[in-house]
Amino acid sequence: MSNLLRWSASDIADPVRRFLEGESGSWLRVEEYRDGGSMVVKAEVPGINPEKDVDITLSGDELQIHVRHEEKSEHKDKRGYRSEFRYGTFSRTVKLPAAVTEQDVNASYTDGILEVRIPMPEQSEKQSRKIPVSRGGTSWTGTETSTGPTETR
């Protein structure tokens, strides 16, 4: 097991590396899919205040989601008082297929589910064109006549 941790980061997929190093609790699990012309990223993060506990930033073609979670509970009874608390930060960076503008990204939080919608820019179909290949200073167009190949100078 210790030999696995000596491999470079590029040798092990990021989630596997984090699990082996004991960081599995610090990354946010997300679901990514396309819905029409949008990319949708969903994360289950119950019990948070989205206005205070969530930061979503866009940097080039990367969407970064940071969530802070704090949970406190108190128990009082005849035998005494007990309080418990848990807290942590979770983050995830999602690579987008293309750069988008910040104003186009929408986020919502409903029933413990954070949803980020990113409209994907229209990608025009790549037009193909024939590229001439030069031969000894002349350009070959790929057409022949009865007298031989046509040369372009």
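Here the structure is shown first, and the text comes after it.
Residues numbered from 1 in each chain as written. Predicted model: local features only at pLDDT ≥ 70, side-chain atom pairs only at ≥ 80, totals over all residues. Heavy atoms only, no water.

A.B. asks: Describe in detail the sheet that holds strand S2 (residues 38-44), supporting the description with residues and values.
C.D. replies: The sheet built from 4 strands is open, its strands ordered S1-S2-S7-S6 with antiparallel pairing. Each edge of the sheet is formed by a strand with only one pairing partner; in this case those strands are strand S1 (30-35) and strand S6 (106-110). Taking the axes of each pair of neighbouring strands and ignoring which way they run, one obtains an average angle of 20° across the sheet. Bridge count for S6 against strand S7 (residues 113-119) is 5 bridges, and the pairing is antiparallel. Within S7, the position partnered with Thr110 by the bridge is Ile113. (Pairing = 2+ DSSP bridges. Helix = DSSP H or I, 4+ residues; strand = E, 2+ residues; numbered from the N terminus. Axes fitted to C-alpha atoms, helices over the stretch in contact; angles between N-to-C directions.)

A.B. asks: Which residues make up the nonpolar core, and what values do they have?
C.D. replies: Among the nonpolar cores identified, the biggest contains 19 residues, and Met39, Val41, Leu63, Ile65, Val67, Val116 and Ile118 are the most heavily contacted of them. Looking at this core, the elements that each hand over two or more residues are S2, strand S4 (62-77) and S7. Those residues within four positions of Met39 in sequence are excluded, and the remaining contacts are Glu32, Tyr33, Arg34, Val94, Lys95, Leu96, Pro97, Val116, Arg117, Ile118 and Met120. (Core = buried A, V, L, I, M, F, W, Y, C linked by side-chain atoms within 4.5 Å. Buried < 20%, exposed > 50% of the residue type's maximum accessible area, 1.4 Å probe, protein only. Contact = heavy atoms within 4.5 Å.)

A.B. asks: Give me the sheet that holds strand S3 (residues 54-59): which residues, what numbers.
C.D. replies: The 3 strands are arranged S3-S4-S5 in an open sheet whose pairing can be described as antiparallel. The sheet is open, and its two edges are formed by S3 and strand S5 (80-95), each paired on a single side. Averaged over all pairs of adjacent strands, the angle between their axes in this sheet comes to 10°, without regard to strand direction. Bridge count between S4 and S5: 16 bridges; the pairing is antiparallel. By the bridge assignment, Asp77 is partnered in S5 with Gly80.

A.B. asks: Tell me about the pairing of S7, and please be specific about residues and values.
C.D. replies: Pairing geometry for S2 and S7, over 7 bridges, is antiparallel. Following the sheet pairing, Ser38 is matched in S7 by Pro119. Once S6 ends, the chain turns through 2 residues before running back antiparallel as S7, passing Asp111 with a positive phi of about 50°.

A.B. asks: Lay out the pairing of S4 with the relevant residues and their values.
C.D. replies: The pairing of S3 with S4 spans 6 bridges and is classified as antiparallel. Each residue of the ladder has a partner; that of Ile56, found in S4, is Ile65. In sequence, S3 turns back onto S4 through a hairpin of 2 residues, with Gly60 there showing a positive phi of about 65°. Hairpin connection of S4 to S5: 2 residues between the antiparallel strands.

A.B. asks: Describe in detail the packing of aromatic side chains, supporting the description with residues and values.
C.D. replies: Remark: the centre distance and the inter-plane angle together describe each pair of aromatic rings, the angle taken between the planes. Counted according to the given criterion, the structure contains 1 aromatic pair. The interplanar angle of 10° and the centroid separation of 6.0 Å between the aromatic rings of Phe85 and Tyr87 together place this pair among those described as stacked. The class for Phe85 is exposed, based on a relative accessible area of 56%. (Phe/Tyr/Trp six-rings, centres within 6.5 Å; stacked < 30°, edge-to-face > 60°.)

A.B. asks: So what's going on with the pattern of salt bridges? Which residues, and what values?
C.D. replies: Evaluated as defined, the whole model comprises 8 salt bridges. The partner of Glu71 in a salt bridge is Arg86, and the shortest N-O contact between them spans 3.3 Å. Residue Glu71 is found in strand S4, and its partner Arg86 is found in strand S5; the two are separated by 15 residues along the sequence. With relative accessibility at 58%, the residue Arg86 sits in the exposed group. Look at the salt bridges and you will find they share partners, linking Asp35, Lys42, Glu115 and Arg117 into a network. (Salt bridge = Lys/Arg side-chain N within 4 Å of Asp/Glu carboxyl O.)

A.B. asks: Before we move on, can you summarise the side chain of Glu115 with the specific residues and values?
C.D. replies: On the secondary structure map, Glu115 appears in strand S7. At 3.0 Å, the side chain of Glu115 and the side chain of Arg117 are in polar contact. Here Glu115 is in contact with Val40, Val41, Lys42, Asn106, Ala107 and Ser108, once residues within four sequence places are set aside. (Polar contact = N/O pair within 3.5 Å; in protein donor to acceptor, adjacent residues only side chain to side chain.)

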